[in-house]
Amino acid sequence: MGVRLVDLTQEIYQGMPVFPLHQKTMIFPNISHQQSKEQIGFEFATNNLLINEHGPTHSDATYEFDPKGQYIDEMPLEYFYGPAICLDVSHVSPDAYITPSDLEIALERTGQVLQEGDIALLYTGHYNRAYGTDEWLTRYTGLNYEAAKWLADLGVVNIGIDAPAIDNPIDPLFSGHVICREYQITNTENLCNLDKVAGKKFLYFGLPLRIRKGTGSPIRAVAVFIE
């Protein structure tokens, strides 16, 4: 028996695409090997990061979209790891919404069942198709209200997607986030490599940083396969 890991996390770098409302990612030197050797006699090099909680691959605290919700350091860790199924909805147009029917068909094709406490990841193909282009932040599919509710009613505690948001950017209601607020669950955005796990069930880890009163957190998202 062995363990295989699939990294589902986008690279963090200066100049990476970030949602317009958020701080752009900045990485700059803190101290060089030469500077530290001059000061303490040993070579240490470190950088400083200026980064938004929701800039790279990240999970939302319910407080982000609900003033009465929990901060990221208050949320159950079980929301960020556990059994996961990646549903292939890559056939849905970036100009359309993911519907309950799309999810039902995708789930049926996996031969699996979503249970209470599970994590659902949505492979839309957007990262593979549009990352690094002008359309990355502006044109992608997302859940309609009924589809998000369908997942929440099954007991899903974390909805992930390979796009900047679980909502279609043309959706003025932010339907996916509305459902996360109503059910007090989280969502995970800016995933990648979901094509490598589409249609499969696995153990998912995407633990947030323990940010005091954080509205969300960057994560290292990984799919774990026991083989």
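Residues numbered from 1 in each chain as written. Predicted model: local features only at pLDDT ≥ 70, side-chain atom pairs only at ≥ 80, totals over all residues. Heavy atoms only, no water.

Our next topic: the pattern of salt bridges. Applying the stated criterion across every chain yields a total of six salt bridges. Taking the shortest distance from any N to any O, the salt bridge between E43 and K37 comes out at 3.7 Å. The class of E43 is partly exposed, set by a relative accessible area of 39%. For K37, a relative accessible area of 47% puts it in the partly exposed group. For D153, the salt bridge is made with K149, and the minimal N-O distance between the two is 2.9 Å. Of this pair, D153 and K149 both sit in helix α4 (residues 145-153), four residues apart, roughly one helical turn. (Salt bridge = Lys/Arg side-chain N within 4 Å of Asp/Glu carboxyl O. Buried < 20%, exposed > 50% of the residue type's maximum accessible area, 1.4 Å probe, protein only. Helix = DSSP H or I, 4+ residues; strand = E, 2+ residues; numbered from the N terminus.)

With mixed pairing, the nine strands of this open sheet are ordered in space as β1-β13-β11-β5-β7-β9-β10-β4-β12. Because the sheet does not close on itself, it has two edges, and the strands there are β1 (3-7) and β12 (216-218). Pairs of neighbouring strands in the sheet enclose a mean axial angle of 25°, with direction left out of account. Inspection of the sheet shows strand β11 (residues 201-205) paired to strand β13 (residues 222-226) by three bridges, in the antiparallel sense. Bridging across to β13, L203 finds its partner in V224. Its contacts with the sheet place helix α2 (residues 100-110) against β5 (81-88) and β7 (119-123), and it is angled at close to 110° to β5. (Pairing = 2+ DSSP bridges. Axes fitted to C-alpha atoms, helices over the stretch in contact; angles between N-to-C directions. Contact = heavy atoms within 4.5 Å.)

Moving on, we come to the nonpolar core. Core analysis: the biggest nonpolar cluster contains 28 residues, and L87, L103, L122, L143, L151 and I159 have the highest contact counts within it. Secondary-structure elements contributing two or more residues to this core are β5, α2, β7, α4, β9 (158-161) and α5 (175-183). Residue contacts for I159: discarding those within four places in its chain leaves A120, L122, L143, A148, L151, I166, I185, T186, N187 and T188. Of all hydrophobic cores here, the second largest spans 22 residues; its members include A61, L121, V157 and F202. (Core = buried A, V, L, I, M, F, W, Y, C linked by side-chain atoms within 4.5 Å.)

When two helices pack together, their arrangement is given by the angle between their axes and by how far apart the axes lie. Orientation of α4 relative to α5, taken along the N-to-C sense of each, is 35°, at an axis distance of 8 Å. Crossing of α4 against α5: the hand is right-handed. Residues Y145, A148, K149, A152 and D153 of α4 pack against S175, G176, V178, I179, E182 and Y183 of α5. Residues belonging to the contact of α4 with α5 are distributed by class as follows: six nonpolar, two polar and three charged. (Left-handed = near helix turned anticlockwise from the far one by under 90°. Nonpolar A, V, L, I, M, F, W, Y, C, P; charged D, E, K, R; others polar.)

The contact between α2 and α4 brings their axes to 8 Å, and the two run at 40°. Between α2 and α4, the angle is such that the two are oblique. Contact with α2, carried on its side by P100, L103, E104 and L107, involves E146, A147, W150 and L151 of α4 and no other residues of that element. Its residues placed into classes, the contact of α2 with α4 shows six nonpolar, no polar and two charged. (Parallel < 35°, antiparallel > 145°, perpendicular 65-115°, else oblique.)

In this structure, Q184 is a non-glycine residue whose phi angle is positive, near 55°. Looking at where Q184 falls in the secondary structure, it is placed in the loop between α5 and β10 (186-189). Despite not being glycine, N190 shows a phi value in the positive range, around 65°. With respect to the helices and strands, the residue N190 is situated in the loop between β10 and β11.

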